[in-house]
Amino acid sequence: MIYLSQLMGNPVYAADGEKIGTVSDLGIATGEVFPRVTALAFKGPGRTPFMISWRKYVDSYDESEIRLKVNSTDIRFSYLQPDEVLIARDILNKQIVDTRGMRVVRVNDLKLSDTNSTQLRLLGAEVGARGILRSLHPALERGVMRVARALGKQIPERIIAWSYMDLVERDLSNVKLSVSHKTLDDMHPADIADIIERLDPRLRGQVFAQLDDEQRAGAMAEFDDDAMAAELMGNMNETDASRMLSEMDPDDAAELVSELDYDKAEKLLRLMGVQEQRAVRQLLGYREDTAGRIMTSEFASMPEEGTTVADAVQMLRGLDEDFEAVRYVYLIDEDNKLSGVVTLNQLIVSEPETRLKDVCTEELITASPEDDQEDVAENIAKYNLLAMPVVADDGHMLGIVTVDDALDVLEEEHAEDLQIAGGAPSDDDSSHGGDLVWMLRRNAWFFLWFAGVVVLAALAPRVLGENSLMMFLTCAALPAALVLSDDALSYVANFFLQNDPNDDGSPSAFGFAVKSIGLGIVLAGVVFLASLALRSVRFAEPLHAYMPGLALGLAAASVAVLLTFVACPIYLAILRTREEKNLDTSGFTMSLTAMVVALAVFVAAVALLAPAMLGA
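Quick caveat, the model's predicted, so the values are computed rather than measured.

Parameters at a glance
- Residues numbered from 1 in each chain as written.
- Predicted model: local features only at pLDDT ≥ 70, side-chain atom pairs only at ≥ 80, totals over all residues.
- Heavy atoms only, no water.
- Patch = residues over 30% accessible without salt bridge, like charges linked within 9 Å, V, L, I, M, F, W, Y side chains within 5 Å.
- Areas by Shrake-Rupley, 256 points an atom, 1.4 Å probe, with all protein chains shown as cover.
- Salt bridge = Lys/Arg side-chain N within 4 Å of Asp/Glu carboxyl O.
- Lys, Arg positive; Asp, Glu negative; His and termini not counted.
- Charge placed at Lys NZ, Arg CZ, Asp CG, Glu CD.
- Helix = DSSP H or I, 4+ residues; strand = E, 2+ residues; numbered from the N terminus.
- Buried < 20%, exposed > 50% of the residue type's maximum accessible area, 1.4 Å probe, protein only.
- Core = buried A, V, L, I, M, F, W, Y, C linked by side-chain atoms within 4.5 Å.
- Contact = heavy atoms within 4.5 Å.

### Re a positive patch on the surface
Working step 1: Together, R55, K56, K69 and R76 make up a positively charged patch on the protein surface.
Working step 2: Structurally, K69 can be placed in the loop between strand 7 (66–68) and strand 8 (84–86).
Working step 3: Residue K69 is classed as partly exposed on the basis of its relative accessible area of 42%.

### Quick look at the pattern of salt bridges
Side-chain pairs of opposite charge can arise whenever the charged atoms involved come near each other.
Working step 1: Counted according to the given criterion, the structure contains 13 salt bridges.
Working step 2: Residue D240 pairs with R243 through a salt bridge whose shortest N-O separation is 2.6 Å. Remark: R243 and D240 occur in helix 11 (residues 238–247); sequence separation between them is three residues, near one turn of the helix.
Working step 3: Residue R243 is classed as partly exposed on the basis of its relative accessible area of 35%.
Working step 4: A salt bridge links E266 to R281; its shortest N-O distance comes to 3.0 Å. Taken as a pair, E266 in helix 13 (residues 262–271) and R281 in helix 14 (residues 274–284) lie far apart in primary sequence, 15 residues in all.
Working step 5: With relative accessibility at 12%, the residue E266 sits in the buried group.
Working step 6: Sharing partners across several salt bridges, the network here consists of D109, R130, R134 and E141.

### Observations concerning the nonpolar core
Working step 1: Within the largest apolar cluster, 56 residues are counted, with the highest numbers of intra-cluster contacts made by F208, M220, F223, M233, M244, L245 and Y330.
Working step 2: Residue contributions to this core peak at five residues, all from helix 10 (residues 226–234).
Working step 3: When near neighbours in sequence (up to four residues on either side) are disregarded, M220 contacts F208, A229, L232, M233, M244, M248 and L256.
Working step 4: Listed in part, the 49 residues of the second largest apolar core include L482, F495, F496 and L599.

And the structure:
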């Protein structure tokens, strides 16, 4: 086995021993499971690029040199063929799609196999740390491996076989990869969506354009980032975009159209078929975050009277292949109202001549189109439903909310709750700095403490005099203000997440304000009493001479704590206002804001209280 990094830069010698250049690249024919190396690219005198046939001219190779079969005067140069790529130029250090692992990775090196004395084949891409080390210098890789073995650790190779690779960083319209595009097209839409979301923004459209209408529609429905989905659609021509919308389920299409500007949305809707346009417009008529917005108008229904199990089975067989997945058959009475539901299991176990009315369930759990989508999702989970019918006030059935849409809602709400609470959803593919970022977020007060020390150090000569120890003792009380302000925002976030203002039993904003201000008075009072205690107790000298500095810091901290809790109703109002506008809110950002405000109040309080407390 040999790696591309071990060949790059090696000298190329003619048969008579003349050095004619250095290796710059290898060409491969892409139409094979493990592509053969077909061309050798090298730089000759003056760094002039040349390319020759590998099979025709290469006699031998190793990690130090490549020797040719002929003298330099007998070489005939060639060109890259339409089915060939240069692996250093087109694959190395590029993003690829690992179609087996369903992820996007970057190629750090390429592994080659010598099937005989002169022939080379590409086995796959090295996407791990060893490829990076080897590309820097083979000795570096060997040194790190020795150290790792000495520590009882292993750094394995991470090879992705060529048959599981899909190139995404170059225009492949004229290159036919034997497995890549076919494999990408055969992926589940959720996997395609996940891969596209992880690509660099400039590559997303390129990969998305490779899909057919059905694959585009499926992937578009799976995107977590609505803004990114809208951007991809915005880059499509209107005919293709409207055709893709027609392929999507009405609820998914309505969600996507709602992200577009009005003019663009209207143009696309007018280009859709009449039936598809009517279904999407109906859903767009409901408010966001309601059952009406996430329901689908495609459901299987039959008249209550005069229909049998055989009739229902015949109806299901006649549905289009792209019809919304059927879990239930809903019965409609003579007044066109929902009267019962029959599960697929009941259809399977019942005799064909059995009347649907005799096997249906009449105790129905339904939703109104104006119900909050989170409540509907929770009820679907509570009652173990695969779909919940959405009915109008008069009992007319409008559509269904399916379990997959309910899961999406619960996942979205959970992510928002984590964000507001100051956390973040886990991600297996997060960067290696994830733990460091998490630690910084959890201990932001510590860094703000240092910022406070710097600010007070700048103000100390005018406020605290030239006594540096006095200044540091004053700063020693700052963490109390920062930590309690962070806790105050956690208190606000918990109240926001646990109490819906639209619920009858939810505490009022006024009650929350009274409670938070009362809590602030108690906590600030405790800190202030500690300040008074330090001023009243006689310590041994020279410690006693510096206690006023710590007492001053505690008094300033009590002011900052009190004002933070007094501001809690304002923070709650901000959260609720942003939720009404359907805007994302970062709990960490709000907590950081509260700590910065507390820091500013602390510094101001020190400046105001210092003359009185240090002059006494």
